[in-house]
There are 2 protein chains.
Amino acid sequence: MARRADGPPPARRPPTILDVASRAGVSKSTVSNVIRGVVGVSEDTRRKVESAVKQLRYRPNILARQLVQQRTNILGVVVGDLANPFFAEMAKSVERYAAARGYTAMFCNTEGDSASELAGIELLLAQRVAGIVFLAFSGESRAMRETLQHHVPAVFVSCHEDWGDVVAVDDDLGGRLATQHLIQAGHTRLAFLSIPELWDSSDLARYDGCVDEAQAAGATVTRISWSPPADVAEIDGAARDLRYAFDGPARVTGVFASNDVAAVDLMEFGDRVGLRVPADLSIVGFDDVPMAGLARIALTTVAQPRDELARRGIDTIVERIEGRLIGKPRTTLVGVKLVERSSTSAPPADGFRPGG
Amino acid sequence: MARRADGPPPARRPPTILDVASRAGVSKSTVSNVIRGVVGVSEDTRRKVESAVKQLRYRPNILARQLVQQRTNILGVVVGDLANPFFAEMAKSVERYAAARGYTAMFCNTEGDSASELAGIELLLAQRVAGIVFLAFSGESRAMRETLQHHVPAVFVSCHEDWGDVVAVDDDLGGRLATQHLIQAGHTRLAFLSIPELWDSSDLARYDGCVDEAQAAGATVTRISWSPPADVAEIDGAARDLRYAFDGPARVTGVFASNDVAAVDLMEFGDRVGLRVPADLSIVGFDDVPMAGLARIALTTVAQPRDELARRGIDTIVERIEGRLIGKPRTTLVGVKLVERSSTSAPPADGFRPGG
DNA sequence: ATGAAAGCGCTAACAG
DNA sequence: CTGTTAGCGCTTTCAT
């Protein structure tokens, strides 16, 4: 069927600003002004342009805009492990808040591997992201730090680095809360469990808080580094069967896991080897992922306000990008609280044999 | 007039191809040729250029390249819900395979809401993505379909649309497998459970498979649509307390949930209201998310080969983008299999009261 | 084998 | 208030 002679062009290629300009009978700058909403365009021309835009179904070419402005509206987001519910939830929130501020999130999953972290950041930088949100940072590369510092603003959410803005919980306090809970329940032989792939500065702070609190109460803290679902782990620096930590008269009866995934994995380990939780072993996690609230898991854990972290993180980096925040890195701390469920109780009576 | 006609680079802003050219004493075309690895550059000049690149730490400006080439190397990925472990795992795999093919993934979380799905796709299109991978698609907008069809290739992974390439499992078969399992265990009053926010064409196929199989065996299928953790649900079209379905002489004893998240939520519901799984109620899920394998969950489910889906999905769209695959949409089906765990058993004896 | 030149579509001074 | 003009940094013919 024939079209009207003066109808929209057959639209082989998308219309450019020039098409709109000639259609509206103005110059392309005027079209640009209308599109960007700058003040000082007569109501009359504005209408003409808008009508032309509509008729041609014109949409500005972001690529061209980005090239001339020398920056994108893309935010790079470095995620430790998307399969970890904590990161998945954070990623969701971050994307939502970024969108609300007019930015698009581009994720980059590092799997805790600092080589792919580096590669991912290179990619982000190559895409000319306006800023980078670290949801996890191994912090291994000094060269990267220098590169980043000169290129784009960075915000560390739920992790810590001294050369960028930080939005996080008080991890040390979280560690203390978890430890206090275990101690108050009567435990004296504790362990701190972490997963090497996810280890970062936050874990360290949680560990420190745990140790401080334990020492103040005369309790011991065994350090366990474990990659589930392996049978072996590094226990106080030595590779051993993980069961070793929970066996014998000096066995640990209370574990503070530096994140819920580790905690749930340990629970699973207990289920498999016949360690009852909490009868034989009390476990406290960190993060409060949705799964922790399931009746069958019922993990006592330290809750991070994920949504608030994401919102403040985005607020911070957007302010930094748009120049409203200048000067030294800013640290924003948000609250943590202990959520008591059923993975913790008093330790078994002395001499009691696990699984008995 | 050239911006920096000659002299050393002012070093404030990143070096351009012109800086490299003058440093190496060649033209910018030559630099471009070296960078893109085109054949027919003398070994000598190549070395000179490469050395200049290294000295200046030059890195091509992707934005400029994209502008002239009229396309990016960004792949848009539409995700139903990142907080759903199935999508999180898929997102991870998709990102990895995309990176392996030289593409960067840009995710867009829809929360099952077709308005934000539309908004997300607009954003993706505005970023001039080279293609879109749908990990979920509500498929509500006809206008969108037309827009997309003319703009970028699309591949539907683990979901179905007839106007783009599809890489998915045989959902109908999956539904049959789950249903057969329940029937063989002795169940005759079944239910199909889905979550309205996640409902899509895959769910429909799973439902059809379930109904077909049930009818062949003379079993009934109650249809339940539930938004956890609500107390009410839509049961065979009527809003009722969810417990209603599992109560009385005609109660359902076996549920096929169209995804594991729904299955686990139902399990949780059962735990809260005193319905024992599998004694009172057998549950089969779909997806086989990592959580399903936990001893405390032990969900019998239909496993999707996530990694294979992701790999083939990326393969397909990359071939489409790069012009090696042309013509009508292609459908690739990959296998499913039932994973038996402990959420299913024979139904309770007739007259047996749930929770008794 | 290399260089010159013409844009890609847009923004941002600066004139008028 | 609107138009003119000069690029953003790169790829890509087309000459040489």
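Because the structure is predicted, anything quoted here is derived from the model rather than measured.

Caption draft 1: Quick peek at the sheet that holds strand S14 (residues 337-339) of chain B. All names here are of chain B. What the eight strands build is an open sheet, ordered S9-S8-S7-S6-S10-S11-S12-S14; its pairing is mixed. Either end of the sheet is taken by a strand with one partner, and the two such strands are strand S9 (238-241) and S14. The sheet shows a mean angle of 30° between the axes of neighbouring strands, taken without regard to direction. Pairing of strand S11 (residues 282-287) with strand S12 (residues 300-303) involves four bridges; the strand directions are parallel. If you follow Asp287 over to S12, its bridge partner there is Ala303. Running at roughly 155° to S11, helix H10 (residues 260-273) makes contact with strand S6 (189-194), strand S10 (254-257), S11 and S12 of the sheet.

Caption draft 2: Here's a closer look at the pairing of strand S7 (residues 220-225) of chain A. All names here are of chain A. Examined bridge by bridge, strand S6 (residues 189-194) and S7 share six bridges and lie parallel to one another. In the strand pairing of S7, Arg189 is matched with Thr220. Crossover connection from S6 via helix H9 (residues 201-216) to parallel S7: handedness right-handed. Two strands pair when backbone bridges link them, and S7 and strand S8 (residues 232-235) are joined in this way by two bridges, in the antiparallel orientation. Looking across to S8, one finds that Ile224 is bridged to Ile235. Linking S7 back to S8 in an antiparallel pair, the connection comprises six residues.

Caption draft 3: Broad picture of the protein's contact with DNA strand D. Taken together, 28 residues lie around DNA strand D, and Ser29 and Val68 of chain A together with Ile17, Asn61 and Ala64 of chain B are the ones closest in. Elements with a minimum of two residues in the surface near DNA strand D: helix H2 (28-36) and helix H4 (62-69) of chain A together with helix H2 (28-36) and helix H4 (62-69) of chain B. Taken together, the residues of the surface near DNA strand D break down into eleven nonpolar, eleven polar and six charged.

Caption draft 4: Examining the protein's contact with DNA strand C more closely. Taken together, 25 residues sit near DNA strand C, with Ile17, Asn61 and Ala64 of chain A together with Ser29 and Gly40 of chain B positioned nearest. Mapped by element, the contributors of at least two residues to the surface near DNA strand C are H2 and H4 of chain A together with H2 and H4 of chain B. In terms of residue class, the surface near DNA strand C is built from ten nonpolar, eleven polar and four charged.

Caption draft 5: Representation of unusual backbone geometry in the model. Cis peptide bonds are those with omega within 30 degrees of zero, and the linkage from Pro228 of chain A to Pro229 of chain A qualifies with 0°. By the secondary structure assignment, Pro229 of chain A is in the loop between S7 and S8. Cis geometry marks the peptide bond from Val277 of chain B to Pro278 of chain B, where omega comes out at 5°. Position of Pro278 of chain B among the secondary structure elements: in the loop between H10 and S11. Even without being glycine, Arg57 of chain A reaches a positive phi, approximately 55°. Residue Arg57 of chain A is classed as exposed on the basis of its C-beta count, with 11 C-beta atoms lying within 10 Å. Of note in this structure, Gln70 of chain A is not a glycine but carries a positive phi near 60°. Inspection of the secondary structure puts Gln70 of chain A in the loop between H4 and strand S1 (74-79).

About the criteria used
- Residues numbered from 1 in each chain as written.
- Chains lettered and ligands numbered in written order.
- Predicted model: local features only at pLDDT ≥ 70, side-chain atom pairs only at ≥ 80, totals over all residues.
- Pairing = 2+ DSSP bridges.
- Helix = DSSP H or I, 4+ residues; strand = E, 2+ residues; numbered from the N terminus.
- Axes fitted to C-alpha atoms, helices over the stretch in contact; angles between N-to-C directions.
- Contact = placed C-beta atoms within 7 Å.
- Right-handed = clockwise from strand over helix to strand, strands pointing away.
- Near = placed C-beta within 6 Å.
- Nonpolar A, V, L, I, M, F, W, Y, C, P; charged D, E, K, R; others polar.
- Buried ≥ 20, exposed ≤ 12 C-beta atoms within 10 Å, placed from the backbone.

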